Structure formats: C-alpha cells, structure tokens
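For reference, the chains in residue letters:
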Amino acid sequence: MGKKIFSGVQPTGNLHLGNYLGAIKNFVRLNNDSENNCVFCVVDLHAITVKQNPKELRDNIRETVATFIACGIDPKKSIIFNQSTVPAHAEAAWLLSCVARMGWLNRMTQFKEKAGRDKEKASVGLYSYPILMAADILLYDTTHVPVGEDQKQHLELCRDIAQKFNNDYNVYDFLKVPEPLIQKEFSRIMSLKDGTKKMSKSELSDLGRINLTDNKDDIINKIKKAKTDTLPLPDNIDELVNRLEAKNLLGIYSSLTDLTLEKTVDKFKGKNFSDFKEKLSQVLVEKIDPISSEIKKLTEDKSFLDEILLDGQKKANDFASKKLRKMQEILGF
Ligand code: TYM
C-alpha cells in the first residue's frame, strides 16, 4: 500500500551533503514510487526560531525549493509548499501545545544543544519547535516521515502528542501515529573537520560541509582538507570504531555509490587517504556538481519557483484546513 509521506527542511541557507544523504535522497526515492503521496515542506516558521534576515530568508525559501527539484523531486508528483502560507500549521501547533507536556519538551536534546549555555536567552519558539513539527506531520494524516537521525527524538514526541490527543478526547486513530523513516546507515553525516560533530549549516567554518551549491573546485578542495588520521584505511569495519573521520568519509562514499560500508571498506583497505580522497572527490563531483548547477539555474527563475509554491499551497491548504477544522470540533470550538 502507498505511504503518506511528510517531511520538512528549514530554509536557512547552506543545504549540505548531510541534508542530501540523510533526508533529501530518501525524499526522491519516495517521490519516485507512484503509490506514495508525498508532501515536502519548506519550514520557514521553524527557521525564525533563530533570528533571520528577512531578505535572505525570502531567497533561501526559493533556494530550498530549487534544491528539492534539482535533487530530483518532481513537483507534479509531490506537493512542495511553504509552511507559513498554510495557516493551519501555526494554529494546530497551538492546539497541540496544550496537549504536549513540559516534561516531554524538557527532554529534547536538540534544544539543549541549540540553546547552548544560556537557555534564558533562547526564543520560546526554539523550545516549542517540536510541537510545530508535530502539527506539520499530523495535519496530513502522515504515515511515514523520512528524516535524518537527529530528528528521531522529535518524531517520538510527535507520536506521544498524537496518542495523548486521541486518548484525551476519546477519538481513537483521529491523529495518525506516524512512523519515522531513518536509514540504518549514513543517517548522520559528520563534519569534515570533526568526526564527533554533525555536518551542519551553522558550523562556522565552511570547510566542515559540502554545500549542495558547491562547485567542482570547492568540493575537491574541501575533501583535500578534510580531517583524517595517519593510518592507512582499515581492512574491516570493526576498526572504524575509533576512527570517526575515516568512518564518516567511507560512509559518504558508500551512501553516494549505494555500496554497503563493508564493500567500501573492502575496496579501499590498506590504501592511504590521498588515494581514497581522490576517488571520493570524483563520486562527489559526479553527484553534487550537476545538482549545484541546476540549483543556480532554477534560482534565476523566481516565477517558476513561486508558481510551484502557489500550487503546493493550494493543495496543502485544502487538506490541512479540513483536518484543523475537525480538530477544533473535537476540542469544542
Ligand atoms: P533541518 O532543516 O535541520 O534538516 C533537514 C533534514 O536533513 C537532515 N539532516 C541530516 N541528516 C544526516 N546528517 C546530517 N548531518 C544532517 N543534518 C540535517 C535532518 O534530519 C532533516 O531530516 N525540524 C526539522 C524540519 C521539520 C520537519 C518537519 C521534518 C519541520 N517540520 C516535519 C520532518 C517532518 C529540521 O530542522 O530539519
């Protein structure tokens, strides 16, 4: 049976290889199965949990749409829309924030990481962000949510919220409890500069990530400078446990070539990093360079991107507003 897919990406610029291998690659695969109904959302309401420059945000929204399409999502098959243009999301988030418990939110590790040491100065939105994410998912009767490993805890919270709403108001199965779709391997791509940190948009140094807008020279340069250790590549997976950078680079190669990590390790065993890095750059350039050129081409055609968003908004709004209306009725409004 077909799945109802929903996922979101923040339009905060610098979409990178982690976003691609951890999430967007999966979106494309799901989009290509005609049995599925897919909704992919540019989550600008989530983006403003951290202060954004309005002009840059506007550009980044379009660039995120361009990235979806450049990576292979077909807007004729999948709904692509911008979260803030469908008011049901913000309203459902309020309704669900009265169901979610403080204790549940207090456990969210991403908030602790993002808020840093001075939690008093974090926005309230950054704290309640996973409730908005639950609203996104639950408004569409989503059955499956493709995400990277870092979103797993937020999805568990979403499941708890759905179950509590259904129980509190005695509406069995009204909010569908979604399943996460997290790849077993490579669902957490690490920084090229530090194998203990996730590859992220917010890392200050651009050398830690391959952006999906990087060109061939950027990619080759970043892989050349990527952190490694002094040993040759190992001949079995077990030896990667304490070699985080080697594991990450081999994982990136595996994911890009659809080879298992075991086979990749076997292919490069005993080689030194410079040989391996050359091959890795090659597969990266083959994959990312065409995406990068396509993003640049598409972002020049603003009206094309705006039309896609408008079309997506109509379809998403039609569905979400009806689900919200039912939620309101259940609550007594
Ligand atoms: P965001 O914008 O931070 O990231 C988008 C997607 O990319 C994945 N990802 C990674 N995967 C592997 N390795 C990495 N280094 C890496 N960095 C990011 C993320 O797991 C994510 O799947 N809260 C979400 C957006 C969101 C959402 C939703 C997702 C809002 N509403 C509803 C699913 C369903 C976020 O901030 O993703």
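This text goes with the structure placed above it.
Draft legend 1. Broad picture of the packing of helix 10 (residues 244-257) against helix 12 (residues 273-300). In contact at an axis separation of 10 Å, helix 10 and helix 12 are set at 40 degrees when each is read in the N-to-C sense. With respect to each other, helix 10 and helix 12 are oriented oblique. The two elements helix 10 and helix 12 cross, and the hand of that crossing is left-handed. Contact residues: helix 10 offers A246, L249, L250, I252, Y253, L256 and T257, while helix 12 offers F273, F276, K277, K279, L280, V283, L284 and K287. Among the residues forming the contact of helix 10 with helix 12, the class breakdown is eleven nonpolar, one polar and three charged.

Draft legend 2. How the structure looks around helix 9 (residues 216-225). Of all the positions in helix 9, only I219, K222 and I223 are classed as buried. All buried residues of helix 9 project into a common sector of 95 degrees when viewed along the axis, lining one side. Residues of helix 9 that are exposed and point more than 90 degrees away from the buried face comprise D217 and K224. Close packing links the buried residues of helix 9 with helix 12.

Draft legend 3. Just the side chain of S7, in detail. Considering the arrangement of structural elements, one finds S7 in strand 1 (residues 4-9). A relative accessible area of 2% means that S7 is categorised as buried. For S7, the side chain forms a polar contact with the main-chain oxygen of P146, separated by 2.7 Å. Not counting residues within four places of it along the chain, the set of residues in contact with S7 comprises F27, V39, F40, C41, P146 and V147.

Draft legend 4. Inspection of the pairing of strand 1 at higher detail. As paired elements, strand 1 and strand 2 (residues 37-42) share six bridges and run parallel to each other. Paired with I5 across the strands is C38, a residue of strand 2. Between strand 1 and its parallel partner strand 2, the chain crosses via helix 1 (residues 17-31), and the hand of that crossover is right-handed.

Draft legend 5. Highlighting the site of the ligand. In the region of the ligand, 27 residues are neighbours, and Q10, Y129, D136, D150 and I189 sit closest. Contacts to the ligand include Y129, whose side-chain N or O atom sits 2.4 Å from an oxygen atom. Contact distances for the ligand include 2.9 Å between an oxygen atom and a backbone N or O atom of G148. Burial of the ligand by the surrounding chains reaches 97%, relative to a free accessible area of 720 Å². When contributions to the shell around the ligand are tallied by element, the ones reaching two or more residues are strand 1, helix 1 and helix 7 (124-138). In terms of residue class, the shell around the ligand is built from eleven nonpolar, eleven polar and five charged.

Draft legend 6. Quick look at the packing of aromatic side chains. By the definition in use, this model includes twelve aromatic pairs. For the ring pair F165 and Y169, a centre distance of 5.1 Å and an interplane angle of 45 degrees mean the geometry is tilted. Ring geometry for F165 versus F174: centroids 6.0 Å apart, planes at 35 degrees, classification tilted. Of the residues examined, F174 reaches a relative accessible area of 12% and is grouped as buried. Cluster of aromatic residues (ring-pair linked, three or more members): F6, F81, Y140 and F319. Just above the ring of F174 sits the side chain of K323; from NZ or CZ to the centre is 3.9 Å.

Draft legend 7. Up close: the pattern of salt bridges. The tally for this structure, following the rule as stated, stands at 20 salt bridges. Across the pair R62 and D306 runs a salt bridge whose closest N-O atoms are separated by 2.8 Å. With R62 in helix 3 (residues 54-71) and D306 in helix 13 (residues 302-331), this pair connects stretches of sequence that are 244 residues apart. Residue R62 is classed as buried on the basis of its relative accessible area, which comes to 17%. Between K164 and D168 there is a salt bridge whose closest N-O contact spans 3.1 Å.

Draft legend 8. Here's a closer look at the environment of Y169. You can see Y169 is positioned in the loop between helix 8 (152-168) and strand 5 (179-181). Among the residues examined, Y169 registers a relative accessible area of 34% and is labelled partly exposed. Each C-alpha atom of the pair Y169 and K184 lies 36 Å from the other, and the pair is 15 residues apart in sequence. Setting aside residues no more than four positions away along its own chain, Y169 makes contact with I330 and L331.

The rules we used
Residues numbered from 1 in each chain as written. Predicted model: local features only at pLDDT ≥ 70, side-chain atom pairs only at ≥ 80, totals over all residues. Heavy atoms only, no water. Axes fitted to C-alpha atoms, helices over the stretch in contact; angles between N-to-C directions. Helix = DSSP H or I, 4+ residues; strand = E, 2+ residues; numbered from the N terminus. Parallel < 35°, antiparallel > 145°, perpendicular 65-115°, else oblique. Left-handed = near helix turned anticlockwise from the far one by under 90°. Contact = heavy atoms within 4.5 Å. Nonpolar A, V, L, I, M, F, W, Y, C, P; charged D, E, K, R; others polar. Buried < 20%, exposed > 50% of the residue type's maximum accessible area, 1.4 Å probe, protein only. Arc of directions from axis to C-beta. Polar contact = N/O pair within 3.5 Å; in protein donor to acceptor, adjacent residues only side chain to side chain. Pairing = 2+ DSSP bridges. Right-handed = clockwise from strand over helix to strand, strands pointing away. Near = heavy atom within 4 Å. Areas by Shrake-Rupley, 256 points an atom, 1.4 Å probe, with all protein chains shown as cover. Phe/Tyr/Trp six-rings, centres within 6.5 Å; stacked < 30°, edge-to-face > 60°. Lys NZ or Arg CZ within 6 Å of the ring centre and 35° of its normal. Salt bridge = Lys/Arg side-chain N within 4 Å of Asp/Glu carboxyl O.

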